[in-house]
Amino acid sequence: MTANPPDMAMPVPPQETDATLHFTGPATFGRVPRLDQVGTTDIAVVGVPFDAGVSYRPGARFGSNAVREASRQLRPYNPAQDVYPFHYAQVADAGDITANPHNIDAAVESIEEGTDALLSTGAQLMTLGGDHTIALPILRSVARRHGPVALLHFDAHLDTWDSYFGTQYTHGTPFRRAAEEGLLDTSALSHVGTRGSLYSKEDLDEDTKLGFGIVTSADVMRRGVDEVVQQLKERIGKRPLYISVDIDVLDPAHAPGTGTPEAGGLTSRELLEIVRGLSDCHLVSADLVEVAPAYDHAEITSVAASHTAYELISVMSRQIAFFRWLEANEQS
Ligand code: MN
Ligand code: MN
C-alpha cells in the first residue's frame, strides 16, 4: 500500500459489507451511492439512454445500464493512477436523464436541461450513453459553465459530418454542431483512434477546417502510447478539457457490442493507458457512448466501457482532491 485516502470531509464510498457479494442488489456505477442518498456530489455518473440518432445498428439505449452492471466488480483503489477514486471525492449515481425516443430535437433539449441541472450543483459529469448525439447538449451545458473547452474525442469516426438525411442532430454530427456553436476551443481539438472508410476525401478537409487534429488508430500502433500522450498533452495544455469516448474506438475484438464497428481499432489496454497518461490534465467532465449490449458477448464491451469510465473518474477525483488540499493549505 503506497497511498492512503486523504484526511478530509469523508465522501460516502461504495458499500463494502462483503467483497464477495458485488454481484447482488440493484446496480449503480461501481456500487457508489445514489445521488438521492448523499444529496450532493462532486462527480455524478448519469445515464442518457437515448439512441434515436444512430445511422446503423440501434441498441445503445441499453448501454447505460449495461455499463452499470459491468462496473460491479470495480474496486476502491486504482493502482494505475495511485488514487482511491470513490474516496478522494464524492461519486454518486444520478440515475438516467429521460430523453424522448421519438423526437431527437425534444431529446436534445431535455438532455441539455438534465445536464444543466446536475452541473449547476457544482458536480462534474461522467455520462454513460446512449448514442453520440448526446455529446452536443452535454457540451452546451459544459461550455456554459467553463467556456469553450478543449476536446479529446476517442472514436473510429470523425462525427463532424454536416447532416444525415437532412437531420442536424445525429450521432455522426455532434462535433460539427458543437464547433459551429462555439462550444469548443478550436486550438485544442483532437480525434484519437480514427480509421475506416469515409464518404469522401473532403470529410477530412472539412474536419481540419473545424480545427481538429487526428491521431489515427494506426498512429497509436506505430508511435506508441507514450508519444501519443505527450502530443495530446501539449495540445491540451492547462485548458478545461472534455473527453468523449465512443466505445467503437476499440477494435471489434475488444468492443463487439456497438452500433458502427470498424476493423483495426485500439486495444482496451491502449485506451486505458492513454486516459491514465492524461491524469494531470484539467478534465472537467466526460462521456462514454455507443455501448450496444445486444451485440455484446460475455460483457466484453461493457466491461471495457466501465473500466474506461473508472479511469476517467479517477482523473477527475484526483484533481478534485488536489485542489481541495491546495485550498485548505492556502487558508492555513
Ligand atoms: Mn464511432
Ligand atoms: Mn461517435
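Just so it is clear, the structure is predicted and the values come from calculations on it, not from any experiment. Every chain begins its residue count from 1, and numbering advances along the sequence as written. Chain letters and ligand numbers both follow the written order, the letters beginning at A and the numbers at 1. Side-chain atom pairs in this predicted model are given and counted only at pLDDT of 80 or more, local residue features only at pLDDT of at least 70, and totals for whole chains, interfaces and linings cover all residues.

Draft legend 1. A look at the overall build of the protein. What the protein contains, in helices and strands, is 11 helices and eight strands. Only C-alpha atoms enter the radius of gyration; for comparison, a globular chain is expected to reach 2.2 Å times N to the power 0.38, where N is the number of residues. Relative to the globule expectation of 20 Å for 332 residues, the C-alpha radius of gyration of the protein, 18 Å, shows essentially globular dimensions. Overall size of the protein, expressed as C-alpha extent along the three principal axes, is 55 × 40 × 35 Å. Partly exposed residues are those whose C-beta has more than 12 but fewer than 20 other C-beta atoms within 10 Å; 20 or more makes a residue buried and 12 or fewer makes it exposed, with C-beta atoms placed from the backbone. By the burial criterion, 53% of the 332 residues in the protein qualify as buried. Strands are runs of DSSP state E lasting at least 2 residues, helices are runs of H or I lasting at least 4, and numbering of each runs from the N terminus.

Draft legend 2. Looking closely at the packing of helix α2 (residues 63-70) against helix α11 (residues 300-331). For helices, the fitted axis covers only the stretch in contact; all axes are lines through C-alpha atoms, and the angles between them, taken along N-to-C directions, range from 0 to 180 degrees. Two elements in contact, α2 and α11, have axes separated by 8 Å at closest approach and are oriented at 80°. In terms of orientation, α2 and α11 fall into the roughly perpendicular class. Residues Ala 66, Val 67, Glu 69 and Ala 70 of α2 pack against Ser 302, Val 303, Ala 305, Ser 306 and Ala 309 of α11. Note on residue categories: nonpolar means Ala, Val, Leu, Ile, Met, Phe, Trp, Tyr, Cys or Pro, charged means Asp, Glu, Lys or Arg, and polar means any other residue, Gly included. Tallied by class, residues from the contact of α2 with α11 come to six nonpolar, two polar and one charged. Note that the term roughly parallel is reserved for angles under 35 degrees, roughly antiparallel for angles over 145, roughly perpendicular for angles of 65 to 115, and oblique for everything else. For the purpose of contact definition, each residue receives a C-beta atom placed from its backbone, and two residues are in contact when these atoms lie within 7 Å.

Draft legend 3. Examining the environment of Leu 35 more closely. Among the structural elements, Leu 35 can be located in helix α1 (residues 35-38). Along the backbone, Leu 35 and Leu 21 are 14 residues apart, and their C-alpha atoms lie at a distance of 22 Å. The contacts of Leu 35, once residues within four sequence positions are left out, are Thr 41, Ala 44, Ala 92, Asp 93 and Ala 94.

Draft legend 4. Representation of the pairing of strand β4 (residues 149-154) within the structure. Counting buried positions along β4 yields six of six residues, so the element is predominantly enclosed. For two strands to be treated as a pair, DSSP must find at least two bridges joining them. Here five bridges tie β4 to strand β5 (residues 184-194), and the two strands are oriented parallel to one another. Opposite Val 149, over in β5, you have Leu 184 as the bridge partner. For the crossover that starts at β4, traverses helix α6 (residues 174-180) and ends in the parallel β5, the hand is right-handed. As defined by bridge partners, β4 adjoins strand β7 (residues 241-246) across five bridges and the pair is classed as parallel. When the bridges of β7 are listed, Leu 151 appears paired with Tyr 242. Throughout, right-handed denotes a crossover for which the path from the first strand over the helix to the second runs clockwise when the strands point away from the viewer.

Draft legend 5. The sheet that holds strand β8 (residues 283-289), seen in detail. Spatially, β2-β1-β3-β8-β7-β4-β5-β6 is the arrangement adopted by the eight strands of the open sheet, whose pairing is parallel. Of all the strands in the sheet, just β2 (91-96) and β6 (212-216) have a single pairing partner and so form its edges. Neighbour to neighbour, the strand axes of the sheet diverge by 15° on average, direction disregarded. Both strand β3 (residues 124-129) and β8 contribute to a ladder of three bridges, which runs parallel. The residue of β8 that forms the bridge with Met 126 is Ala 286.

Draft legend 6. Representation of the nonpolar core within the structure. A set of buried Ala, Val, Leu, Ile, Met, Phe, Trp, Tyr and Cys residues, joined through C-beta atoms within 7 Å, is what we mean by a nonpolar core. One finds Ala 44, Val 45, Leu 241 and Ala 309 to be the most contacted residues of the largest nonpolar core, which totals 91 residues. With 10 residues, the top contributor of residues to this core is α11. What Ala 309 contacts, discounting residues up to four positions off in sequence, is Phe 29, Val 67, Met 126, Leu 128 and Leu 288.

Draft legend 7. Expanded view of the environment of Phe 86. Here Phe 86 shows up in helix α3 (residues 85-88). Owing to 29 C-beta atoms within 10 Å, Phe 86 belongs among the buried residues under this scheme. Taking C-alpha positions, Phe 86 is 7.5 Å from Pro 11, a pair spaced 75 residues apart along the chain. Those residues in contact with Phe 86 that lie beyond four places of it in its chain are Pro 11, Pro 13, Pro 14, Gly 30, Val 32, Pro 76 and Val 91.

Draft legend 8. Broad picture of helix α5 (residues 135-146). Working rule for helices: expected span equals 1.5 Å times residues minus one. With 12 residues, α5 should cover 16 Å at 1.5 Å per step; its first-to-last C-alpha distance of 16 Å lies within 8% of that length. All buried positions along α5 are accounted for by Ala 135, Leu 136, Pro 137, Ile 138, Leu 139, Ser 141 and Val 142. On its buried face, α5 sits against α4 (104-119), β3, β4, α6, β7 and β8.

Draft legend 9. Summary view of unusual backbone geometry. The step from Gly 129 to Gly 130 runs through a cis peptide bond, and the omega angle for that step is 10°. The topology assignment puts Gly 130 in the loop between β3 and α5. The backbone of Glu 290 sits at a positive phi, close to 75°, despite the residue not being glycine. Here Glu 290 is to be found in the loop between β8 and α11. Located in the positive-phi region is Glu 299, a residue other than glycine, with phi close to 60°.

Read these as geometric descriptors, not functional statements.
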